[in-house]
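# Structure at a glance
The residues making up each chain are set out below.
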Amino acid sequence: MYSQQALQRSIDRMLTEANTRIAVGKNEEASRSYHKAAQFAEQMIELLEDAEAQRSMSIRAAEYKQRARKLRSNGKMDTARIKPVTDHEADEVAYSDEEADALEQQILLLIDDSPGRIDWDTIGGLTVLKEELRFHYGLAMAKIPQGVEIEGWNNVMFYGPPGTGKTLLACAIANKLTATFFNVKASQIVSKWVGESGRLISTLYRVARKFTRDGRPSIIFIDEFDALCKSRSSDGHLYHQQMLATILSEIDGFAQKNRRDLVMTIGATNRPWDLDAAVLSRFERRILIDLPSIEARADIFRIHLENKGIPVDPNSISYPILAENTERLTGREIARLCKEVTSCMLAEMNPDIPKLVDAGLKQIQNYEVKLRPLKLADFSDALEQLVPDTSEHEATYYKKWGSDVKKER
Ligand code: ATP
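These remarks concern the structure in this document. (Residues numbered from 1 in each chain as written. Predicted model: local features only at pLDDT ≥ 70, side-chain atom pairs only at ≥ 80, totals over all residues.)

### What about the environment of I150?
When you line up the elements, I150 lands in the loop between α6 (127–141) and β1 (155–159). For I150, a count of 10 C-beta atoms within 10 Å gives the class exposed. Separated by 11 residues in the primary sequence, I150 and L139 place their C-alpha atoms 8.7 Å from one another. Each residue touching I150, except ones within four places of it in the same chain, is listed here: L139 and I144. (Helix = DSSP H or I, 4+ residues; strand = E, 2+ residues; numbered from the N terminus. Buried ≥ 20, exposed ≤ 12 C-beta atoms within 10 Å, placed from the backbone. Contact = placed C-beta atoms within 7 Å.)

The structure is reproduced here in structure tokens:
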């Protein structure tokens with residue numbers, strides 16, 4: 001007789017295998033995996049003593065059988081439409097073994113506290129979008145009169161050039177909603193959790209749901225989403241497919257229950273053209289976070305200088321002039337530029353720091369850093385050497401992709 005832990009491991013292995021097989025269109029094989037998962041679940045019921053745990057496990061066994069039947073009867077089942085997770089409470093009982101605890105510990109490490117530092121006014125430009133996000137996420141949280149169904153923005157995909165503020169926006173939303181923010185870099189999870197990423201993602205969503213018990217939402221931010229989709233092609237990586245299949249099935253789980261969910265997924269990508277139709281259809285909104293406009297660039301300069309307490313000479317520094325000279329620069333590049341110029345000023349004003357370091361900790365701790373207001377001339381060298389990371393062609397390509405996708409719908 002197998003132990004509960006061994007049976008649980010076998011069930012999990014079969015489910016991961018099924019998801020992977022569905023993702024690559026091998027539905028017959030996936031059906032067999034579900035069938036085996038159901039058999040293991042039935043053996044498990046006999047070992048469980050708690051009536052509630054037995055009930056949950058029989059629901060799961062029935063569900064796996066149903067999935068197996070459906071996949072067998074419909075060999076051509078759309079690989080994108082994976083049967084959603086339907087009983088999340090049951091999941092909690094079924095996964096509560098030592099292994100699941102270890103996975104949960106890993107998930108807790110993904111919780112990121114940085115949203116606490118990000119507010120709307122620490123993000124330059126994007127005024128209309130910020131208002132829109134405020135409205136829709138507000139709507140998703142507000143009480144809805146009985147009998148009325150309103151579709152919220154539970155799943156959103158930000159796309160655009162690197163460094164344009166996608167992560168910042170996700171952080172600001174999390175901050176304002178006092179949400180628990182799970183920051184997931186798709187490629188890192190896959191490389192760290194070879195073979196387990198599908199299971200890790202199920203655990204992620206389960207933990208995220210747990211965190212909503214006090215009424216606060218959870219936001220799952222998945223950066224580099226494209227890394228998972230590229231792998232849907234035949235030469236792609238199986239682990240990526242597992243992870244993607246699980247994310248899509250989790251997203252579907254709630255969509256099909258037609259109920260409001262406090263777990264929201266925000267995807268982000270620099271390569272939206274690598275997202276396939278199955279992924280796009282799960283994200284109600286795809287939002288272009290474009291290169292900053294001239295007004296936005298002026299705003300971003302202000303944020304990375306004055307708002308950080310760096311003195312500027314108002315008679316010399318003109319944010320509109322800096323903005324005019326930095327066309328096609330992203331927020332990240334502007335932040336880097338400000339840092340470079342500030343560092344030069346600090347080096348000029350504090351030439352004794354290296355000597356003080358040699359003189360001992362006390363000496364350097366007693367020294368107060370000197371600053372002087374920055375002038376436009378301080379930027380000249382850096383501006384002359386500027387080569388924007390995003391080419392003109394790339395910049396227009398994002399817009400074109402957005403309008404092409406709209407037309408196709
Ligand atoms: P990637 O696509 O590479 O993940 P991203 O679009 O998520 O990038 P962020 O991580 O949000 O970019 O931004 C990177 C950094 O660039 C920020 O920490 C911030 O310093 C600066 N930055 C980017 N956009 C803005 C903005 N609109 N306002 C102020 N700072 C910005």
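And the narrative resumes.
### Quick look at the site of the ligand
Close contacts around the ligand come from 19 residues, with P162, G165, T167, G331 and R332 the closest. When residues of the shell around the ligand are traced back to their parent elements, those giving at least two are α7 (166–176), α13 (294–304) and α15 (331–349). Residues that form the shell around the ligand fall into these classes: eight nonpolar, eight polar and three charged. Residue assignment places the shell around the ligand across two domains, with domain 2 (114–291) and domain 3 (294–389) each supplying three or more. (Near = placed C-beta within 6 Å. Nonpolar A, V, L, I, M, F, W, Y, C, P; charged D, E, K, R; others polar. Domains from an automatic or database assignment.)

### Side note on the environment of R336
Relative to the helices and strands, R336 resides in helix α15. Residue R336 is classed as partly exposed on the basis of its C-beta count, with 16 C-beta atoms lying within 10 Å.

### Considerations on the nonpolar core
Judged by nonpolar contacts, the single largest core of 90 residues is most densely connected at A37, I219 and F221. Setting aside residues no more than four positions away along its own chain, F221 makes contact with A170, F181, F182, N183, V184, I266 and A268. (Core = buried A, V, L, I, M, F, W, Y, C linked by C-beta atoms within 7 Å.)

### Thoughts on the sheet that holds strand β3 (residues 218–223)
Read from one edge of the open sheet, five strands run β2-β3-β4-β1-β5, paired in parallel fashion. Each having just a single partner strand, β2 (180–185) and β5 (285–288) make up the two edges of the open sheet. Between one strand axis and the next, the sheet turns through 20 degrees on average, direction left out of account. Here β2 pairs with β3 via six bridges, running parallel. Within β3, the residue paired with F181 across the bridge is I219. (Pairing = 2+ DSSP bridges. Axes fitted to C-alpha atoms, helices over the stretch in contact; angles between N-to-C directions.)

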